[in-house]
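# An overview of the molecular structure
Spelled out, the chains give:
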Amino acid sequence: MRYIDRNGNIIDRPESNDLSVKFLYNTPLGRTILKPLVHPLFSKIGGKLMNSSLSTLAIPGFIKNNGINMKDYPKKTYRSFNDFFTRRIKENVRPINRDPHALISPCDSYLSVYNISSNGTFSIKDTRYTLPMLLHSRKLARQFEGGYALVFRLTVSDYHRYIYPVNGVSSHLYKIPGKLNTVNPIANDSQPIYKENAREFVVINSHHFGHIVQMEVGALLVGKITNHKDSYHMIKRGEEKGYFEFGGSTIILLLRENQIELREDLLQNTYNGFETQLHLGDVIGHSISASKKIKKTLAFNDKT
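Notes on the structure in this doc start here. (Residues numbered from 1 in each chain as written. Predicted model: local features only at pLDDT ≥ 70, side-chain atom pairs only at ≥ 80, totals over all residues. Heavy atoms only, no water.)

## Overview of the sheet that holds strand S8 (residues 161-163)
Ordered by their spatial adjacency, 3 strands build an open sheet running S8-S15-S13, and the pairing between neighbours is antiparallel. Looking along the sheet, the strands with just one partner apiece sit at the ends: S8 and strand S13 (225-227). Neighbour-to-neighbour, the strand axes of the sheet open up by a mean angle of 20°, direction not taken into account. (Pairing = 2+ DSSP bridges. Helix = DSSP H or I, 4+ residues; strand = E, 2+ residues; numbered from the N terminus. Axes fitted to C-alpha atoms, helices over the stretch in contact; angles between N-to-C directions.)

Next comes the structure, spelled out in C-alpha cells:
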C-alpha cells in the first residue's frame, strides 16, 4: 500500500491482508479456493453472521488492530459487528466545504485518478477497462470519453458511509449484478475487478459540473450496498447517499471533459504510483469556471 497521507507524507507499507490476497489471486490453489468466495451467496452468508449478536465479540480486536479512533463516534452499544461497521461519525468531524463550485470527496478513502481516452478506455494498474463494460451502456459511456475516472478505495478501517459530492438531480439507481472480488490493488493484477464486481450507480445532473456518474462497487465480504434512494430526486451536496456493510469497497466517479480542474497533487500522485488519502468532504477540485476566477484573483494579487 503506497499512498500520500493527508499531511503530504509518503507511506509505503503492506495492508494487513496483502499476503492472503496474493495467495488467493496469484497461486493455483488460492484461485481454486477463491471461486466460491467471490460468489454473492458467500457474502450473504457472511453478512448474516456479521449481523448476529455473536459477531460483537470481534469488535474490540478490530478496533485495536486497525487503529480506529472511537472518539470520533458517539458512544453506544452495538447490536452486531455490522451495526458497528456502519456506525455514524459525530457531526463536524468530517466538515463539508461550503463552496458549491468545489467537488468534494464522497467518502474516506485512498484516491487514484485516471484519464479516460477519447475511445472510452482507461487503465488501472495495467488492466484495461472500457466505459461500456463498466456501465453496461454505450450511450452513457460516450458522454465521458476524454474525461476522468476517479477511483476511491475504502479499506476496512475507513468510515463506510458516503455522500453526494455535488448539488443536482439524481437519476434512478442502476444495479449491475456480479462477483465480489476484493478491491485490494493486488487483485487487480490478475482480475478485471471493476467490470466483474457487483455495482450500483446513478447519473447526477449537477449544477456546476455537468453530468457525473457516482458508482458504488461491492467487494469480497461486502454482499450489501445500501443506497437510501432509488428514484429520481433532488440531491444536496454532503447529503448521505448510503453505506457499505463489512469489508473494503470502492466508489467511482466519472467526470466529463472540460468540466473540472482537479487538484494537481491528485494527478501527480497517481502518475507516481501513489494513492492519495482523503476524508469525506475534502475538496478534490473546482469547476472550470470557478478555477478561472481563482487564477485571475491570484494573478491580480501577485501584481499588486
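## Here we look at the nonpolar core
Of all hydrophobic cores here, the largest spans 27 residues; its most connected members are Leu103, Leu111, Leu150, Phe152, Leu255 and Ile284. Elements represented by at least two residues in this core include exactly strand S4 (109-115), strand S7 (148-154), strand S11 (199-206), strand S16 (249-255) and strand S17 (260-262). Looking at which element gives the most residues to this core, the answer is S7, with 4 residues. Every residue in contact with Leu103, bar those within four places of it in the chain, is listed here: Pro165, Val166, Phe209, Ile212, Leu255, Ile260, Asp282, Val283, Ile284 and Gly285. Judged by nonpolar contacts, the second largest core, of 20 residues, contains Ala141, Val213, Met215 and Ile252. (Core = buried A, V, L, I, M, F, W, Y, C linked by side-chain atoms within 4.5 Å. Buried < 20%, exposed > 50% of the residue type's maximum accessible area, 1.4 Å probe, protein only. Contact = heavy atoms within 4.5 Å.)

## Looking at the side chain of Ser55
Within the secondary structure layout, Ser55 lies in the loop between helix H3 (40-50) and helix H4 (59-65). The exposure class of Ser55 is buried, given its relative accessible area of 7%. Those residues in contact with Ser55, other than ones at most four positions away along the chain, are Leu49, Met50, Ser80 and Phe81.

## What about the environment of Thr86?
Examined against the element boundaries, Thr86 turns out to sit in the loop between helix H5 (81-85) and strand S3 (102-104). Linking Thr86 and Arg161, residues 75 residues apart in sequence, is a C-alpha distance of 6.8 Å. Other than its neighbours up to four places away in sequence, Thr86 contacts Arg161, Tyr243, Phe244 and Glu245.

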